[in-house]
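Structural description and commentary
In case you want the letters, here they are:
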Amino acid sequence: MKIKKGIAQEGFVKWESPSNIALVKYWGKYGRQYPTNPSISFTLSNAKTSTSCKYTIKENSQDPIISNFKFEGKENLAFENRIQKFLTSVIDYFPVLNQLSLELESENTFPHSSGIASSASAMSALALCICDIEKSIVEDYKENFTQRASILARLGSGSASRSVIEKLAIWGKNDFVAHADNDYAIAFGDNVHTDFHKYHDDILIVSKNEKSVSSSAGHKLMDGNPYAEARYQDANKNLGLILNAMKSGDHDAFIHIVEREAMSLHALMMCSDPSYILMEPNTIEVINRVRSFRRETNIPVCFTLDAGPNVHLLYPDDYTDKLTPFISEQLMPLTQNHNIIRDHVGNGPTKLD
Ligand code: PMV
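Within each chain, residues carry numbers counting from 1 in the order of the written sequence. Local features in this predicted model are restricted to residues of pLDDT 70 or higher, and side-chain atom pairs are both shown and tallied only at a pLDDT of 80 or more, whereas totals for entire chains, interfaces and linings draw on every residue. Side-chain calculation: all heavy atoms of the structure are included, whereas hydrogens and water are not.

Note on conventions: DSSP H or I runs of at least 4 residues are helices, E runs of at least 2 residues are strands, and numbering of each starts at the N terminus. Scanning the protein chain from terminus to terminus reveals 8 helices and 14 strands. Radius of gyration (C-alpha) of the protein chain: 20 Å, near the 20 Å computed for a compact globule of 353 residues. Referenced to the eigenvectors of the C-alpha coordinate spread, the extents of the protein chain come out at roughly 70 × 45 × 40 Å. Classification of the 353 residues of the protein chain by burial places 56% in the buried group. Note on definitions: a residue-residue contact is assigned when non-hydrogen atoms from the two residues lie within 4.5 Å. By sequence separation, contacts in the protein chain at least 24 residues apart represent 75% of the contacts at least 6 residues apart. Using a 1.4 Å probe, accessible areas were evaluated by the Shrake-Rupley method; residue-level cover was limited to the displayed protein chains. Of the roughly 15600 Å² of accessible surface on the protein chain, 47% is carried by carbon and sulfur atoms. Across the protein chain, the mean location of the 36 positive side-chain charges is 2 Å away from that of the 43 negative side-chain charges. C-alpha atoms define the radius of gyration, and 2.2 Å times the number of residues to the power 0.38 defines the globule rule. Remark: exposure states derive from per-residue accessible area (1.4 Å probe, protein chains only) relative to the maximum for the residue type, with buried under 20%, exposed over 50%, and partly exposed in between. Neither His nor the chain ends contribute to the count of charged residues, in which Lys and Arg are positive and Asp and Glu negative. For charged residues, the charge sits on one atom: NZ in Lys, CZ in Arg, CG in Asp, CD in Glu.

Turning to the packing of helix H6 (residues 251–270) against helix H7 (residues 281–297), a few remarks are in order. Here H6 crosses H7 at 165 degrees, and the two axes come no closer than 14 Å. Taken together, the axes of H6 and H7 lie roughly antiparallel to each other. As for how H6 packs across H7, the hand of that crossing is left-handed. Packed against H6, whose contacting residues are Ile 255, Glu 259 and Met 263, the element H7 presents Ile 287, Arg 291 and Arg 294 at the interface. Axis geometry follows a simple rule: fit a line to the C-alpha atoms, using only the stretch in contact for helices, then measure angles between N-to-C directions, giving values from 0 to 180 degrees. Angle categories: roughly parallel below 35 degrees, roughly antiparallel above 145, roughly perpendicular from 65 to 115, and oblique for all the rest. By convention the crossing between two helices is left-handed if the near helix lies anticlockwise of the far one by an angle smaller than a right angle, and right-handed if it lies clockwise.

At least two DSSP bridges between two strands are required for those strands to pair. Spatial ordering of the open sheet is given by S11-S12-S10-S13, a layout of 4 strands whose pairing is antiparallel. Two strands lie at the open edges of the sheet, namely strand S11 (302–305) and strand S13 (340–344), each paired on one side alone. Along the sheet, successive strands turn relative to each other by an average axial angle of 25 degrees, direction set aside. Relative to strand S12 (residues 311–316), S11 runs antiparallel, the two being bridged by 4 bridges. In the sheet register, Thr 304 faces S12, and the bridge partner there is His 312.

To continue, consider the site of the ligand. Proximity is defined per residue: if any heavy atom of the residue lies within 4 Å of a molecule or strand, that residue is considered near it. If you check the shell around the ligand, you find 14 residues, and the closest are Tyr 26, Ser 157, Ser 159, Arg 162 and His 219. Polar contacts here mean pairs of N or O atoms no more than 3.5 Å apart (in protein, one a potential hydrogen donor and the other a potential acceptor; neighbouring residues in sequence count only if both atoms are side-chain atoms). At a separation of 3.5 Å, an oxygen atom of the ligand approaches a polar backbone atom of Gly 158. His 219 has a polar side-chain atom sitting 3.0 Å from an oxygen atom of the ligand. Relative to its free-state accessible area of 380 Å², the ligand is covered by the protein chains to the extent of 92%. Each residue belonging to the shell around the ligand can be placed in one class, and the counts come to 5 nonpolar, 6 polar and 3 charged. Residue type decides the class: Asp, Glu, Lys and Arg count as charged, Ala, Val, Leu, Ile, Met, Phe, Trp, Tyr, Cys and Pro as nonpolar, and the leftover types, Gly among them, as polar.

It is worth spelling out the side chain of His 251 at this point. With respect to the helices and strands, the residue His 251 is situated in helix H6. Not counting the four nearest positions on each side in its chain, His 251 is found in contact with Asp 195, Phe 196, Tyr 199, Pro 300 and Pro 316.

This part covers the nonpolar core. In plain words, nonpolar cores are sets of buried Ala, Val, Leu, Ile, Met, Phe, Trp, Tyr and Cys residues tied together by side-chain atoms within 4.5 Å. Of all hydrophobic cores here, the largest spans 81 residues; its most connected members are Leu 23, Phe 42, Leu 87, Leu 102, Ile 242 and Phe 254. The element that contributes the greatest number of residues to this core is helix H2 (residues 119–137), accounting for 10 residues. Contact partners of Leu 102, with chain neighbours within four places excluded, come to Cys 53, Lys 54, Tyr 55, Ile 65, Ile 66, Ser 67, Asn 68, Leu 87, Ile 130 and Ile 133. The next biggest cluster of nonpolar side chains, apart from the first, holds 22 residues, and it includes Leu 204, Val 206, Phe 293 and Leu 323.

The terminal C-alpha atoms of H7, which comprises 17 residues, lie 24 Å apart, in line with the 24 Å expected from a rise of 1.5 Å per residue. Among the residues making up H7, those that are buried are Thr 283, Val 286, Ile 287, Val 290, Phe 293 and Arg 294. Within H7, the buried residues cover an arc of 135 degrees as seen down the axis, which keeps them to one side. Exposed positions of H7 whose direction lies more than 90 degrees from the buried face are Pro 281, Arg 295 and Glu 296. Here the buried face of H7 lies against strand S10 (199–204), H6, S11, S12 and helix H8 (320–331). Any helix carries an expected span of 1.5 Å times its number of residues minus one. Read the arc as the range of directions from the helix axis to the C-beta atoms.

What follows deals with the packing of aromatic side chains. We call Phe, Tyr and Trp rings a pair once their centres come within 6.5 Å, taking the six-membered ring for Trp, and we label the pair stacked below 30 degrees between planes, edge-to-face above 60, and tilted otherwise. What the rule picks out here adds up to 11 aromatic pairs. Taken together, a centroid distance of 6.2 Å and an interplanar angle of 45 degrees make the contact between Phe 42 and Phe 254 tilted. Separated by 212 residues along the polypeptide, Phe 42 in strand S4 (residues 39–57) and Phe 254 in helix H6 bring together distant segments of the chain. Relative accessible area serves as the criterion here: at 0%, Phe 254 is assigned to the buried category. Between Phe 196 and Phe 254, the aromatic rings sit 4.8 Å apart at their centres with planes inclined by 50 degrees, giving tilted as the arrangement.

Next comes the structure, spelled out in structure tokens:
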């Protein structure tokens, strides 16, 4: 890797990147952040991170990569150290980092303490900034930019690999999509029924409290989980089923898989050793109310869960008006301080001026 000759020694890039919600979940990893099963997610729109990066091409490769890190306008040493450690650990994949000194500023469009996992949006925004710098300063750059950003995002947080892709992303080798890869996520939005381009995701914040077990500790516990192998096979099978449902626009089949995936993720936590529960009583109450409402009305609304207590309510755009009273009267009272983030499937990251 060589830096182009005669270029400016400093510059600035800024990217905004969204969060995503998995429909078939990634849970368990090996090696350098490779997934033990394939996953598929909706890329969101409103829940996003914007990161700006002022860079200088440095003389001495021993100097730290990060010279300053501000989160929501304030210096944040804990985050700075984490990112410094992460970027140092990926220099073998991204040698350009040896030549860079970075001043970063990052902020989320959703409240940091809302209980929404921000690692996917944060890591993908950071990866896009770095790959963008790489693209503009490295001589004879021939990489696929999106793939490269997805790889770097993945190394930071597995699920972040999917956030660089618009609408619908698949990450991980599987039996159904030949060009899917463990290194990076690929786009799949163009292959599904257009109903799924306009899906809503209303995130019901049941609790803002910090999780008792982090995602990385949770992934690790899959190593000793007696159901791990069965889970990896089930996830692969579920990917095939959900792809068929999404191609044909079969909402019932879609709902069936999405809800089983959410339940399987939490069941795996409950039978890990040590076992743990991330759902709260109101998580279960929301689930029960969603299922009763669907039975009574036949409206294709379903839930999914991340590694936490908050419930993602998924439904097609056409049903928005019919769902609004149900959400505000029956679900909002079960959230912490009537906290809800209304989001929908989005078009992926944007480069800002
Ligand atoms: O990206 P991580 O390591 O925070 O893992 C996230 C895993 C889940 O959100 C629970 C599922 C997924 O596929 O996003």
